[in-house]
Amino acid sequence: MTQHTIDNTSLPHILNLICDINANPVSKTEQIAIFKSLINTLRVDPHHYSESNYTQHVNDKIDALIKLLKHNPSYQTSLGKFLLQLINQYNPDSIFADIDISSYKGFFSKLTQLISHRVLPMVVDDNDIMSLIDEVFDKDYDITWLLAVDLQKYDALINCIHLNDDDLHMVATTKNNILNAMVVLSQRISGMGLNKELMSKYPHMLNYSSAFVAQNQETLQYVDNYRKLHQLDNLTDFMPVEDVNPNHLQVMLEQCQDIVKTTRKQIYKTGVSVELISVLFTLEKSINRLNLLIGLVSNNQGKRYKSIFFLVHSLVKHGKKRFSVVSLVNNNTRLLSQKVTENASKVGEHYITTDKSGYYKMFKKAAIGGLIIPIMATLKILSYEWSVAPLWRAIIDSFIYGFGFVLIHILHGTVATKQPAMTAAAIASTISDSAQESGKKAKHQLNSLSELIVDIMRSQGVAIAGNILLAMPIAFIVSWLWLSLFGNPFITEYKANGLLADLNPISSLAIPHAMLAGVFLFFSGLVAGYYDNLAVSNQIGKRIANHGLLTQWLNPKKLAQFANYIQNNLGALMSNFSFGMLLGSTGTIGYILGLPLDIRHIAFASANLAHGLYNLDTASISLYLVFISILGVLFIGLANLVVSFTLALFVALKSKNVTFAEWGNLIRLVFMHLLTHPLDFILPRSKPIDYKHIDNEGHIIHDNNSSEHQYNYQDNIIRSINRKSKKQ
């Protein structure tokens with residue numbers, strides 16, 4: 001065997017080398033080295049070029065290869081033979097049936113596997129295609145490079161790769177591998193579609209379960225007919241005049257995809273678990289891969305080339321991200337994030353109002369919160385009279401905050417800046433298609449989004465006003481009553497100075513502490529969604545109604561009311577309590593760790609401002625002190641809102657797989673609205689804006705048609721087949 005060395009990386013040299021090794025076979029290792037040299041020659045590093053010039057340089061190199069192939073037919077057949085020889089040496093399942101389609105085992109099981117890989121890397125099987133991907137596509141920017149190639153260039157390149165009649169046995173081997181992978185995928189789809197947990201959670205799937213069985217039957221029939229018609233068992237690839245029609249199989253796959261979509265629309269009613277998310281995610285990807293494999297063996301050149309492109313891209317992408325924890329989290333929590341954000345919109349504290357009725361209702365709810373918050377602030381100040389260990393300090397503060405927030409919710413009040421994940425979900429519902437649309441529709445969605453942001457700002461503004469306008473006077477009254485009843489100030493002048501110093505946005509850490517509170521606000525929104533999902537998926541209300549002890553202690557009517565309340569408000573209650581626990585324990589944790597950790601929230605900051613000013617000596621109060629303290633309260637509120645809302649919006653957009661690149665235009669629209677209609681940011685509009693997916697109190701309007709819509713299964717298949725036949 002001749003040993004080949006690659007000392008010249010020019011395209012003609014590499015192609016000549018490929019022609020040579022086809023006549024004089026070499027080892028698998030040398031084949032990989034030559035293929036890697038070809039990729040290295042075509043690859044363009046984006047760091048060496050400007051963004052505007054990068055695409056041109058990438059496509060220029062592909063053009064150079066295409067020209068060489070066109071002018072030398074021996075290059076075309078040699079390259080085709082070389083690639084098929086190389087690919088056929090790897091496990092076909094790893095190429096066609098497994099790559100980029102994760103098994104639907106538990107999320108935490110896969111997470112543990114990835115973490116263990118970081119400690120002790122897993123060994124890649126030499127027969128696994130990933131070993132080739134790891135060796136050849138070894139640059140961080142390979143995905144960027146592949147995406148920079150024009151689709152027309154891919155088509156032209158693939159069109160220049162041919163095989164001699166003597167090499168059709170390799171084509172037959174590859175097609176047999178693809179057909180075998182189709183059978184494997186089809187059987188997996190049947191198993192996942194008939195998953196016991198999935199069908200018990202979504203009983204409507206029982207009506208359509210035959211679709212998953214039927215697609216397997218259609219796949220087996222298609223594969224059998226294709227093998228016979230193309231004479232693949234004879235290791236040749238006979239091209240018939242009329243190929244096997246895949247319409248029946250594709251229609252069945254469409255039915256399966258529709259069932260998955262219908263199931264996803266019901267998630268907000270039935271709840272979802274990470275395991276079910278993984279099943280749905282894997283099922284959807286398996287259906288898409290089966291469609292792609294149909295394209296690979298199609299006689300339609302356009303479909304075949306497009307399928308090759310997507311397969312190569314998915315192979316490289318999977319090779320780069322298969323050991324990424326971030327990628328695992330993104331893939332497995334997208335649907336769960338959608339559930340979290342949607343449920344957070346239903347916890348009873350709706351933060352978008354579009355009309356006067358909702359505006360004044362929001363103020364009343366905020367006023368209730370403003371009534372309770374200064375009492376909570378007072379209790380916290382009084383609790384510091386007790387000398388307790390740090391752990392008990394954290395518990396006392398956490399209970400004051402936690403039970404106080406829960407009480408506010410029970411009394412139908414609200415806390416400003418609380419649970420902004422609801423508004424993020426509403427925004428995501430407004431722009432969910434904007435990243436994919438263009439023209440007038442995209443512009444309309446952008447305008448709707450800007451109008452929604454105006455409504456959100458006004459709603460948050462009136463909530464803050466309701467809290468502050470009652471919290472500050474009541475805090476003054478508490479200090480006055482204390483002085484009147486007990487004859488001494490509620491707090492010492494030293495303590496009053498400390499409260500005001502903590503509000504100073506310049507000399508204290510008030511803003512960073514407020515940002516940390518914003519993170520906790522965001523987290524409490526996720527907690528709300530998680531527990532509302534838990535209440536639905538685990539039927540908490542029904543389980544409470546049938547609890548043995550509770551049925552003895554409460555009469556049926558009271559028990560039913562209690563069970564219904566917990567079912568509908570579990571997310572809100574746990575969100576408020578967890579938020580209180582986070583606020584109450586942060587300072588103590590910072591003290592234990594020796595870090596300057598603490599929180600600042602606008603509602604409590606306003607109450608502390610009142611306590612501080614009232615109990616401070618008159619001679620110590622200056623105009624600057626009042627101004628800087630009020631400014632600090634406003635900045636604290638701004639930091640609370642901006643951080644929590646930005647994080648929640650990011651999660652909401654991630655849950656819908658939306659990338660939104662119109663921030664500049666959006667800011668311009670909001671700013672222009674501020675200049676032309678500034679009162680819309682303060683007072684309700686005379687004519688409210690109607691949103692497609694949001695009512696006037698901020699509730700997300702869900703599409704229920706999918707659960708109620710019934711159709712004749714056979715008639716729908718016939719219509720789909722007829723529609724496809726007309727397109728042929």
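Residues numbered from 1 in each chain as written. Predicted model: local features only at pLDDT ≥ 70, side-chain atom pairs only at ≥ 80, totals over all residues. Heavy atoms only, no water.

The helix and strand tally for the protein stands at 31 helices and zero strands. Within the protein, the proportion of its 728 residues that are buried is 50%. In the protein, of all internal contacts separated by at least 6 residues, the share reaching a separation of at least 24 is 82%. (Helix = DSSP H or I, 4+ residues; strand = E, 2+ residues; numbered from the N terminus. Buried < 20%, exposed > 50% of the residue type's maximum accessible area, 1.4 Å probe, protein only. Contact = heavy atoms within 4.5 Å.)

Looking now at a nonpolar patch on the surface. On the surface, a nonpolar cluster with roughly 630 Å² of combined accessible area is contributed by Ile-589, Tyr-591, Ile-592, Leu-593, Leu-595 and Leu-597. With a relative accessible area of 59%, Ile-592 lands in the exposed category. (Patch = residues over 30% accessible without salt bridge, like charges linked within 9 Å, V, L, I, M, F, W, Y side chains within 5 Å. Areas by Shrake-Rupley, 256 points an atom, 1.4 Å probe, with all protein chains shown as cover. Salt bridge = Lys/Arg side-chain N within 4 Å of Asp/Glu carboxyl O.)

Moving on, we come to the pattern of salt bridges. One pass over the structure, following the stated rule, counts 17 salt bridges. Asp-138 is the partner of Lys-36 in a salt bridge, and the nearest nitrogen-oxygen pair spans 3.4 Å. In this pair, Lys-36 sits in helix α2 (residues 28–42) while Asp-138 sits in the loop between α7 (129–136) and α8 (142–148), placing the two residues 102 residues apart along the sequence. Relative accessible area serves as the criterion here: at 21%, Lys-36 is assigned to the partly exposed category. By relative accessible area, Asp-138 is classed as partly exposed at 35%. With its nearest N and O atoms 3.1 Å apart, the salt bridge here joins Lys-175 to Asp-237. Remark: Asp-237 occurs in the loop between α12 (209–230) and α13 (247–265) and Lys-175 occurs in helix α10 (residues 168–193); sequence separation between them is 62 residues. Asp-237 shares its class with Lys-175; the two are buried. Each of the salt bridges in this network shares a partner with another, and the network as a whole consists of Lys-36, Arg-43, Glu-135, Asp-138, Asp-142 and Lys-320.

Running from amino to carboxyl end, helix α1 (residues 11–23) crosses helix α3 (residues 51–71) at an angle of 45 degrees, the nearest separation of the two axes being 11 Å. Relative to α3, the element α1 lies oblique. For the pair α1 and α3, the crossing hand works out as right-handed. Where α1 abuts α3, its residues Leu-11, Pro-12 and Leu-15 lie against Lys-61, Ala-64, Leu-65, Leu-68 and Leu-69. Class assignment for the residues of the contact of α1 with α3 results in seven nonpolar, no polar and one charged. (Axes fitted to C-alpha atoms, helices over the stretch in contact; angles between N-to-C directions. Parallel < 35°, antiparallel > 145°, perpendicular 65-115°, else oblique. Left-handed = near helix turned anticlockwise from the far one by under 90°. Nonpolar A, V, L, I, M, F, W, Y, C, P; charged D, E, K, R; others polar.)

With that settled, consider unusual backbone geometry. In the Ramachandran plot, Leu-235 falls in the positive-phi region, its phi being about 55 degrees despite a non-glycine side chain. At His-412, a residue that is not glycine, the phi angle is positive and equals roughly 65 degrees. Position of His-412 among the secondary structure elements: in the loop between α19 (390–410) and α20 (421–431).

Moving on, we come to the environment of Tyr-305. Its location among the elements puts Tyr-305 in helix α16 (residues 301–321). Of the residues examined, Tyr-305 reaches a relative accessible area of 7% and is grouped as buried. With ten residues separating them along the chain, Tyr-305 and Gly-295 place their C-alpha atoms 8.3 Å apart.

On to the confidence of the model for the protein. In this model, the protein carries an average pLDDT of 81, and 81% of its residues clear a pLDDT of 70 or more. Here residues 341–349 is modelled with pLDDT under 50, and outside its nearest four sequence neighbours on either side it reaches 41 contacts, counting other chains as well. Between residues 700–728, whose pLDDT stays under 50, and residues either more than four places distant or in other chains, the model counts 48 contacts. (pLDDT = per-residue confidence, 0-100.)

Locating Ser-644 in the fold gives a position in helix α28 (residues 623–655). Among the residues examined, Ser-644 registers a relative accessible area of 0% and is labelled buried. Among the polar contacts made by the side chain of Ser-644, one reaches the main-chain carbonyl oxygen of Asn-640 at a distance of 2.7 Å. A distance of 3.3 Å separates a polar atom in the side chain of Ser-644 from the backbone oxygen of Leu-641. (Polar contact = N/O pair within 3.5 Å; in protein donor to acceptor, adjacent residues only side chain to side chain.)

This part covers the packing of aromatic side chains. A full pass over the atoms with the stated rule returns 14 aromatic pairs. Taking 6.0 Å as the distance between ring centres and 40 degrees as the angle between the ring planes, the aromatic pair formed by Tyr-222 and Tyr-226 counts as tilted. One end of the pair, Tyr-222, and the other, Tyr-226, are both in helix α12, four residues apart, so they sit about a helical turn from each other. In this pair, the class of Tyr-222 matches that of Tyr-226, namely buried. Plain terms: the ring middles of Phe-399 and Phe-403 are 5.3 Å apart, the flat faces sit at 75 degrees to each other, and that makes the pair edge-to-face. Separated by four residues within a single helix, Phe-399 and Phe-403 lie in helix α19, roughly one turn from each other. Clustering of aromatic rings is evident, with ring pairs tying together Tyr-401, Phe-405, Phe-579 and Phe-604. Between the NZ or CZ atom of Arg-393 and the centre of the ring of Tyr-384, over which it lies, the distance is 4.1 Å. Seen from the ring of Tyr-384, Lys-495 lies directly overhead, with NZ or CZ sitting 5.5 Å from the centre. (Phe/Tyr/Trp six-rings, centres within 6.5 Å; stacked < 30°, edge-to-face > 60°. Lys NZ or Arg CZ within 6 Å of the ring centre and 35° of its normal.)

A separate point is the packing of α2 against α7. For the pair α2 and α7, the least separation of the axes is 9 Å and the interaxial angle reads 50 degrees. Taken together, the axes of α2 and α7 are oblique relative to one another. Crossing angle aside, the handedness with which α2 passes α7 is right-handed. Together, Ile-32, Phe-35, Lys-36 and Ile-39 of α2 and Leu-132, Glu-135 and Val-136 of α7 make up the contact between the two elements. Its residues assigned to classes, the contact of α2 with α7 shows five nonpolar, no polar and two charged.

Along the chain, the position of Asn-640 falls in helix α28. Every residue in contact with Asn-640, bar those within four places of it in the chain, is listed here: Thr-417, Ala-514, Ala-517, Gly-518, Leu-521, Arg-600, His-601 and Ile-602.

Turning to α1, a few remarks are in order. Counted at 1.5 Å a residue, the expected span for α1 with its 13 residues is 18 Å, and the 19 Å between its end C-alpha atoms agrees. Taken together, the buried positions of α1 are Leu-11, Ile-14, Leu-15, Leu-17, Ile-18, Ile-21 and Asn-22. Around the axis of α1, the buried residues are gathered within 155 degrees of arc, so they sit on the same side. Along its buried surface, α1 packs onto α2, α3 and α4 (73–87). (Expected span 1.5 Å × (residues − 1). Arc of directions from axis to C-beta.)

With that settled, consider the nonpolar core. Ranked by size, the top nonpolar core spans 83 residues in total, and within it Ile-129, Met-182 and Leu-293 carry the most contacts. With residues near it in sequence (within four places) discarded, Leu-293 still touches Phe-96, Ile-178, Ala-181, Met-182 and Leu-185. One finds Val-462, Ile-464, Ile-468 and Ala-510 within the second-largest nonpolar core, a separate group that totals 27 residues. (Core = buried A, V, L, I, M, F, W, Y, C linked by side-chain atoms within 4.5 Å.)

Here we come to the environment of Gly-498. With respect to the element layout, Gly-498 can be found in helix α22 (residues 493–501). Taking C-alpha positions, Gly-498 is 9.9 Å from Asn-608, a pair spaced 110 residues apart along the chain.

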